[in-house]
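Chain by chain, the residues run as shown.
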Amino acid sequence: MTTQTRMGVVALFLGAAMSSSGMAQEPIKIGLTSSFTGTAALFGQHDRYGVEMALAELNDKGGVLGRRFVLEAEDNKCSPAEGVKAATKLLSEHKVTAIIGAMCSSVTLAIMPLIQRAETPLVIPVSTSPAISPLSGKGGNNWAFRTTPSDDGMAMAIGRYLKDKGVKRMAVVAEDTDYGRGGARGMTEALKAVGISLVATEFIPQNTPDFTTLLTKIDAMNVDRVAVYLLSTDVQNFFRQYEALGARTRVTGRAEMSVVRGAVTPEFLAKGGLDGTSGLNPYAFGLDTPENKDFVARFRARYNTDPIQMSFYSYEATKVLAEAIARAGKVDRHAIREALAKTKYKSIMGGQIEFDDFNQSHNNTIMIELKDGGKVAIVGLYKS
Amino acid sequence: MELQYLLQLAANGIVIGSVYALLAIGLSLIFGILGVVNFAHGEFYMLGATATYALVALLGLDYWVSIVLVMLVAAAIGIALHDLFLKRIGRHEFERSMLLTLGLAMILQNGALAIWGADPKFVRVPALSGLISPFEVRIPLTRAAAFAAAIAGLFGLIYLLHRTRLGQAMRAVASNPTAASVVGIPANLIARATVAVGLAMCGLAGAALAPIYTVHPLMGTLFVFKAFAIVIIGGMGSLSGAAIVAFALGIVESTVGAYVSLSTTEGIVFAVMIAVLLFRPLGLFGRGLRV
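Residue positions within a chain follow its written sequence, with the count starting from 1. Just so you know, chain letters begin at A and ligand numbers begin at 1, following the order they were written in. Totals for whole chains, interfaces and linings use every residue, but because this is a predicted model, local features are given only for residues with pLDDT of at least 70 and side-chain atom pairs only at 80 or more, for both listing and counting.

Novice: Before we move on, could you go through the overall build of chain B and cite the residues and values that matter?
Specialist: Broken down by element type, chain B carries 11 helices and two strands. Taking 2.2 N^0.38 as the reference for a compact globule, 291 residues should give roughly 19 Å; the C-alpha atoms of chain B span a radius of gyration of 19 Å, in line with that estimate. Reported as C-alpha extents along the three principal axes, the dimensions of chain B are approximately 60 × 50 × 35 Å. Our exposure labels follow a C-beta count within 10 Å of each residue's own C-beta, placed from the backbone: buried means 20 or more other C-beta atoms, exposed means 12 or fewer, and partly exposed covers the counts in between. Put simply, chain B has 291 residues, and 50% of those count as buried. We call two residues in contact when the distance between their C-beta atoms, placed using the backbone, is within 7 Å. Contacts in chain B between residues far apart in sequence, at least 24 positions, make up 80% of those at least 6 positions apart. Numbering goes from the N terminus for both helices and strands, where a helix is a DSSP run of H or I of at least four residues and a strand is a run of E of at least two. All radius of gyration figures rest on C-alpha atoms, and the globule criterion is 2.2 Å times the number of residues raised to 0.38.

Structure (C-alpha cells):
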C-alpha cells in the first residue's frame, strides 16, 4: 500500500466514524410558540430566554439520551389564529418532538386540539386561565400539561395566606370581564375552602374613572381585607384615589406591588398608608433561597437582566420536559407523554411539579406585602 | 355612623356631579349652537389632562397657571376644529357631524396611544394633597378644587351668555339661526367662538380632573358616555338642565352604588335616559339653549 492509499483508507474510516456518530447525535427538536411581536413582545422574549437557557444548560451537559436539543420558535402574536398557524408549522414542517407555549391563554386553548390530533406533548408554562385545566388530562386532552399555577390555584394560595393572617371577613372587587369574573369565582371558592366569610362581591366596568363610592362602601363594610381583581390602569387609578380619600381597608389580590407603589406618593408610603397591602406573584426574582439566587445569577450572566414570571416558568417547563424525555428512555411521543404524567420535579420555588388528574401542577407561589413604610417584602411561599 | 355614611355618600355624589357637569356643559353648549354632537369630547378632555401633565409634571409649571394655559390652548384647538372641519357641516347634517367627530375621536385616542403609550401618568399637586373633613366627611382637596372649578366654569358660562354681547349673540343663534343672520349676527364667528368656549371647558375639565384620576388615552371613554346621557336627560342644549342632571346623577350613583351594587348604577343612568326620551323627547329641561 502506498502512503497515499493508506491515508485514503484512514480518511474513509474517519469519515464513516464521523457520519455514524453524527447519526447518533441527531438533535431533539423542541418547538416554542409565544408572542414575539406586538404588545406582549417583552413577555414573549422572556419566554424564549427561559427555554433557550434551559436547552443551553442541557446541551452543555451533552443533552439527554446522548442527543442534543435544538429549538424551533414560531411567533403567535398572542392571537389564536396566528397561534394555529405557528403550531401547524411546528408540527408538520419542523416535526418537533414536543411544544412549549403558547403564553396567551386564548392561544393555548386554540392550539390544544391541534397537538392532541398530532399526538405531540404540549407543556404550558405561562397561560393561567382556569379554562385550560378542565380540558386537560381527565378532561379529554391528555397531551397538554400545565406547569404554571392556574388563576384558581393562585386564588387558593391567597386564601391560605389570608387564613394565616387570621382574616375573618372579606370583600371582593373585580372588573366586569372574563378576568375579573374568573378571579372573583376562584376567590369565592378559595375563601369557602379555607373558611373565611365573603361579605360582598362588587363588579365594576373596565376603565371606571371614579372609585369614591366603591372605596367608601368597602370601608363601611368593616371587612379585614378586600381582594381586588383589576388590571394595570385601573389598579393605579384605584390606589391613587385610595390615597386621596384616606381609605382604610387593606387590599390583597394579584396586583404587582411595584405598580401599586407607583400610584401613590412617597409620603403616603412612608407614613405606612399602604402597609399590609399584599399581592400574590407566580414568581419573583427577589425570592431569597439558594436555588433561586443561583438561577437568577445564571440568568443575569446570560441575558444581563432579571428573570420574570415568563422566563422562569418557561425555563422550568423545558427542564421538566427534558427530564421526562430522559425517563422515557427514547424519543417517542407516546413514551414522553407517559413519562410527563409521572413527573416529580423539584422546583426552584420549593414546590414539587407533579400533575394532577387534569394535568395541572400546583407549584408554590410568592406572597408579597408592603410593610415598614411601603417597603416590599416577601412574606412567604403558598401552595397553589 | 349611618347618618355620617349618608353624608359621605352625598358629598361624594355632589363632587362627582360637578365632574360630570364640567364635561357635560361644553358638550351641551356646542350642540345648542352648532347642532353638532361632539363625539370626540372625551378625547379632548383626555388631551386637556395630558397637556396638564406635560405642563405640571414635565415642565414644572405652577398648577394654577397651567389650568389657564390649558384652557387657552384648548380654545385655540377649538378655533382650528371649527375652521378646519365644523364650519363645513350644516346644522342638520347629523350623519356627517357624527362621522367626523367619531373619526376624530378614534384618531385622537389611537394617536395618543401611539405617541404616549398606554401607561398611566400622574399629575401631583403638593398644595392639594390632603383632605378636608367637615363633620367627619372626608373630601380630598383635589376634589374640592375640581368642585370649585366646575362651579366657576358654570357661573362663568352663565355670565358670558347673559351679560356679554357675545353671549347674547350666541343665544340668538341658538334660538333662531336664520333670524340671527337677518339682523346681522355673523353666525360663522359665533360658531367659532362657541367651539372655542366649549373646548376651553373641556380643557378645564381635563386640568381639574388630572390630579384626581390617572392620565391615559382611554380615560375619557366611559365619562363621555355619561356626559351624553346627562345632556340628553337634561335636554339637548340646556346648560342648566345638564348641570342639574349632572349633580342629581352624581348623588343617585353614589347612593345606589353603595346600597344596591355598583354594577347596577351604569344601567340606571341609561334606563333613566331611555325613560326621559320616551316621555319627554326634548329632555327634562329641553327647549333650545336655555340657561
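Next comes the rest of the account.
Novice: Lay out unusual backbone geometry in plain terms, naming residues and giving numbers.
Specialist: Residues and elements named next belong to chain A. The linkage connecting G101 with the following residue, A102, adopts the cis geometry, with an omega of 0 degrees. Mapped onto the secondary structure, A102 falls in the loop between β3 (98-101) and α4 (105-117). One non-glycine residue, K77, lies in the positive phi region at around 50 degrees. Among the secondary structure elements, K77 is positioned in the loop between β2 (69-75) and α3 (80-93). Despite not being glycine, N207 has its phi angle at roughly 65 degrees, a positive value. Looking at where N207 falls in the secondary structure, it is placed in the loop between β7 (197-204) and α7 (212-221).

Novice: Go over the sheet that holds strand β8 (residues 225-229) of chain A, please, and point to the residues and values.
Specialist: Sheets are built from strands paired through backbone hydrogen bonds, the pairs being either parallel or antiparallel. All names here are of chain A. Here, a strand pair is defined by DSSP locating no fewer than two bridges between the strands. Pairing in this open sheet of four strands is parallel, and the strands run β7-β6-β8-β9 from one edge to the other. Each edge of the open sheet carries a strand with a single partner, namely β7 and β9 (250-253). Averaged over all pairs of adjacent strands, the angle between their axes in this sheet comes to 25 degrees, without regard to strand direction. Here five bridges tie strand β6 (residues 169-175) to β8, and the two strands are oriented parallel to one another. Only the stretch in contact is used when fitting a helix axis, every axis being a line fitted to C-alpha atoms; angles between N-to-C directions are given from 0 to 180 degrees.

Novice: How would you explain the pairing of strand β14 (residues 375-383) of chain A if you had to name every residue and give the values?
Specialist: All names here are of chain A. Across eight bridges, strand β13 (residues 364-371) lies against β14 in antiparallel orientation. Following the sheet pairing, M367 is matched in β14 by G380. Counting the residues in the hairpin turn of β13 and β14 gives three residues, including D372, whose phi is positive at 50 degrees.

Novice: Which residues make up the interface of chain B and chain A, and what values go with them?
Specialist: Taken together, the 30 residues of chain B in the interface contact 23 residues of chain A. Secondary structure elements with two or more residues in the side of chain B that touches chain A: α1 (2-34), α9 (221-234), α10 (239-259) and α11 (262-279) of chain B. When residues in the side of chain B that touches chain A are grouped by element, the largest group, five residues, is from α1 of chain B. Under the grouping applied here, Gly and all other residues not named as nonpolar or charged are polar, the nonpolar ones being Ala, Val, Leu, Ile, Met, Phe, Trp, Tyr, Cys and Pro and the charged ones Asp, Glu, Lys and Arg. Tallied by class, the residues present in the side of chain B that touches chain A amount to 15 nonpolar, 11 polar and four charged.

Novice: Account for the packing of helix α6 (residues 165-175) of chain B against helix α8 (residues 187-209) of chain B, naming residues and giving values.
Specialist: Residues and elements named next belong to chain B. For the pair α6 and α8, interaxial distance at closest approach is 10 Å and the crossing angle is 105 degrees. Taken together, the axes of α6 and α8 lie roughly perpendicular to each other. On α8, the residues that touch L166, A169, M170 and V173 of α6 are A187, I190, A193 and T194. Of the residues belonging to the contact of α6 with α8, the class tally is seven nonpolar, one polar and no charged. When describing relative orientation, an angle under 35 degrees is termed roughly parallel and one over 145 degrees roughly antiparallel, while 65 to 115 degrees is termed roughly perpendicular and anything else oblique.

Novice: Give a description of helix α2 (residues 41-60) of chain A that names residues and reports values.
Specialist: Residue and element names in this part refer to chain A. Expected helix span is given by 1.5 Å per residue-to-residue step, counting one fewer step than there are residues. Over its 20 residues, α2 extends 28 Å from the first C-alpha to the last, a length consistent with the 28 Å expected when each residue adds 1.5 Å. Elements in contact with the buried residues of α2: β1 (28-34), β2, β3, α11 (290-303) and α12 (309-328). Looking one or two residues past α2, G62 carries a phi angle of roughly 90 degrees, positive in sign.

Novice: Describe the domain arrangement of chain A, with residues and values.
Specialist: All names here are of chain A. Note that the domain bounds were set by an automatic or database domain assignment. For chain A, the domain assignment lists domain 1 (26-149 + 288-353) and domain 2 (152-281 + 366-383). Computed from C-alpha coordinates alone, the two centres of domain 1 and domain 2 are separated by 31 Å. With six residues of domain 1 at the interface, the matching set in domain 2 holds eight residues. Its residues assigned to classes, the side of domain 1 that touches domain 2 shows three nonpolar, two polar and one charged.

Novice: Describe in detail the sheet that holds strand β4 (residues 122-124) of chain A, supporting the description with residues and values.
Specialist: Residue and element names in this part refer to chain A. Judged by pairing direction, the sheet is parallel, and its five strands sit side by side in the order β2-β1-β3-β4-β5 without closing on themselves. Each edge of the open sheet carries a strand with a single partner, namely β2 and β5 (144-146). For this sheet, the mean angle separating the axes of adjacent strands, direction not counted, is 25 degrees. Note: β1 against β2, seven bridges, orientation parallel. Across the sheet, residue K29 finds its bridge partner in β2, namely V70.

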